[in-house]
Amino acid sequence: MAGGRIARRNPVPEVELLLRSARVVTPSGVRPASVAVRGERVAAVLPYDCEVPGTARLEDFGDDVLLPGLVDTHVHVNDPGRSEWEGFPSATLAAAAGGVTTLVDMPLNSIPPTTTTAHLDVKRRAARGRTHIDVGFWGGAVPGNLAELRPLHEAGVFGFKCFLLPSGVDEFPSLSPAELERAMAETARLGGLLIVHAEDPEHIDGAPSRTGPRYADFLASRPRAAENAAVERLIALARRTGCRVHVLHLSSSDALPLLAAAKRDGVPLTVETCPHFLTLTAEEVPDGATEFKCCPPIREAENRDALWRGLLDGTIDCVVSDHSPCTPDLKRLDSGDFASAWGGISSLQLGLPAVWTEARRRGVPIAALARWMAAAPAALAGLPHKGAVEPGRDADFTVLAPEKTFTVDPARLHHRNRVTAYAGRTLYGVVRSTWLRGRRIYGGPAGAPGDARPTGRLLSAVPREPAREPAAPVRTGHRPGGPATGPAPDPGAGVPQPAATTERGTA
Ligand SMILES: [Zn+2]
């Protein structure tokens with residue numbers, strides 16, 4: 001960090017942009033500051049009233065909060081193959097409007113799924129030149145593709161996703177217990193990361209299943225016990241194989257003690273939850289309102305409170321959207337049948353205000369959101385140049401008016417399909433502008449649009465050397481043959497990581 005006196009008189013040279021705010025969220029706290037941007041990176045965080053360098057343009061945001069651009073590691077873009085559900089242009093524009101500057105795309109619901117390097121190439125071709133924010137890809141672990149994991153890893157996926165029960169699409173089947181263990185052993189050998197939809201099939205099969213519009217019936221069909229059992233199995237396998245495991249979209253708060261104990265024991269484990277689990281409750285879901293359907297489901301208010309405690313005590317690391325849209329017909333809005341409706345809640349554009357509204361009510365400071373929604377997901381995926389406002393990182397920012405409210409109007413969403421569980425809600429936190437690598441990509445002084453050209457890049461993980469001790473944390477990464485890229489990840493995030501690089505030569 002630049003020293004006050006010297007920086008005041010002699011700001012860092014060749015600064016092109018100076019972003020000033022009374023509330024800049026940095027890893028070391030929220031304070032008045034001026035963020036100097038040189039090229040695509042943060043050059044320095046200077047005193048609020050530093051001189052504006054002669055070379056620089058000043059943007060003064062007044063009291064609006066300058067946050068790091070959010071990193072959403074759980075997004076289903078569904079492109080190509082189901083681009084009528086979403087797509088790279090609409091998903092990334094919605095993300096930009098929601099303050100998200102990096103997303104990592106899930107390997108399923110697109111056709112093909114990202115389960116081979118050839119399929120990864122297809123996805124990259126579909127995304128290249130069509131994204132408003134930076135985009136990376138998860139690979140998939142499915143029955144029969146064990147030999148593909150290494151090539152996918154080397155081709156730059158950020159890890160592998162798997163299911164323990166049917167995923168909802170035929171082309172992405174689930175792993176049997178034996179296949180799961182083999183996938184974990186192989187992932188450990190690669191020094192990779194396995195991210196898991198943790199619901200146990202036997203508990204789901206054994207739960208009462210009723211069709212119809214009653215939310216209580218749907219909730220009973222996806223019991224907490226299914227999540228708890230799956231989490232228990234993952235912890236046991238992570239202990240045995242040393243595989244780094246990430247629990248996706250945790251809903252059951254009953255699993256928190258297990259997760260906390262495993263983390264205390266040093267099991268290489270991270271956990272995410274989602275805005276809808278933190279903000280919505282089963283008690284308020286109207287019968288037939290299938291826009292609230294997701295798997296695992298939104299549970300009771302008391303469960304929501306416990307998830308907040310899990311976040312605050314560090315058991316849960318990340319808050320990411322699980323943005324998983326579909327066409328309105330598949331939501332069965334006419335019959336309201338929860339059993340046959342597609343499960344998924346679209347919140348790329350709304351995650352930040354939704355979580356902030358609830359955080360604010362609970363007295364949780366905005367800096368915590370920067371940790372859960374930017375630093376920790378960046379560390380999870382291994383993106384050392386993303387997720388924080390500090391020198392060396394990409395100049396990705398979200399400017400938020402945290403005390404301003406708005407009412408969610410689906411017509412104003414950029415999601416391709418505007419079905420949303422948040423319709424009509426009044427939320428705190430208006431995203432004023434979003435910046436990607438030093439350029440405004442959304443918002444403007446008088447509500448003028450940012451740069452409408454899709455200037456996002458495709459991101460690749462650089463595989464680290466397979467570790468002798470698979471769970472050994474790697475704190476900084478380097479490109480092969482190159483210098484270290486970016487600073488060490490936020491130590492508070494507690495997630496070991498490989499390095500990542502940006503794909504050059506986007507079309
Ligand atoms: Zn998902």
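This text follows the structure it describes.
Attention here is on the structure that accompanies the text. Given the structure is predicted, the values throughout are model-derived calculations rather than measurements. (Residues numbered from 1 in each chain as written. Predicted model: local features only at pLDDT ≥ 70, side-chain atom pairs only at ≥ 80, totals over all residues.)

## Remarks on the pairing of strand E11 (residues 193-197)
Inclusion rule: The burial label depends on the number of other C-beta atoms within 10 Å of a residue's C-beta. Counts of 20 or more mean buried, 12 or fewer mean exposed, and intermediate counts mean partly exposed, with C-beta atoms placed from the backbone. Only runs of H or I of at least four residues qualify as helices and only runs of E of at least two qualify as strands under DSSP, and these elements are numbered from the N terminus. Pairing between strands is defined by DSSP: at least two bridges between them are needed. By definition, the crossover connecting two strands over a helix is right-handed if that path, from the first strand to the second, turns clockwise as seen with the strands pointing away from the viewer.
In terms of burial, E11 is a largely internal element, 5 of the 5 residues being buried. Neither face of E11 is left uncovered, since the one carrying Leu193, Ile195 and His197 and the one carrying Leu194 and Val196 both have all their residues buried. In terms of strand pairing, strand E10 (residues 160-163) meets E11 through 4 bridges, oriented parallel. Paired with Lys161 across the two strands is Ile195, which belongs to E11. One crossover worth recording links E10 to the parallel E11 by way of helix H5 (residues 177-190), and it is right-handed. Looking at chain direction, E11 and strand E12 (residues 244-247) are connected through 4 bridges and run parallel. What sits directly across from Leu193, in E12, is Arg244.

## Quick word on the sheet that holds strand E6 (residues 70-75)
In plain terms, the rule: Working convention: axes come from line fits to C-alpha atoms, limited for helices to the stretch in contact. Angles between N-to-C directions cover 0 to 180 degrees.
Strand order across the open sheet formed by 3 strands is E6-E7-E8, with parallel pairing between neighbours. The open sheet terminates on both sides in strands that have one partner only, identified here as E6 and strand E8 (134-137). Between one strand axis and the next, the sheet turns through 20° on average, direction left out of account. For E6 and strand E7 (residues 100-105), the ladder comprises 4 bridges, and the chain directions are parallel.

## Some points on helix H11 (residues 301-312)
Worth spelling out the cut-off: Multiplying one less than the number of residues by 1.5 Å gives the expected span of a helix. Directions drawn from the helix axis to the C-beta atoms are what define this arc. In this description, any two residues whose backbone-derived C-beta atoms lie within 7 Å of each other are considered to be in contact.
Taking 1.5 Å of rise per residue, 12 residues should cover 16 Å, and H11 covers 17 Å from first to last C-alpha, within 8% of that figure. For H11, every residue scored as buried is listed here: Arg304, Leu307, Gly310 and Leu311. The buried residues of H11 occupy one face: seen down the axis, they fall within an arc of 115°. Facing away from the buried side of H11 by over 90 degrees, the exposed positions are Ala301, Glu302 and Arg309. Where the residues of H11 are buried, they touch helix H9 (256-264), strand E13 (269-273), helix H10 (275-279) and helix H13 (366-381). Gly314 sits one or two residues past H11 and shows a positive phi near 90°.

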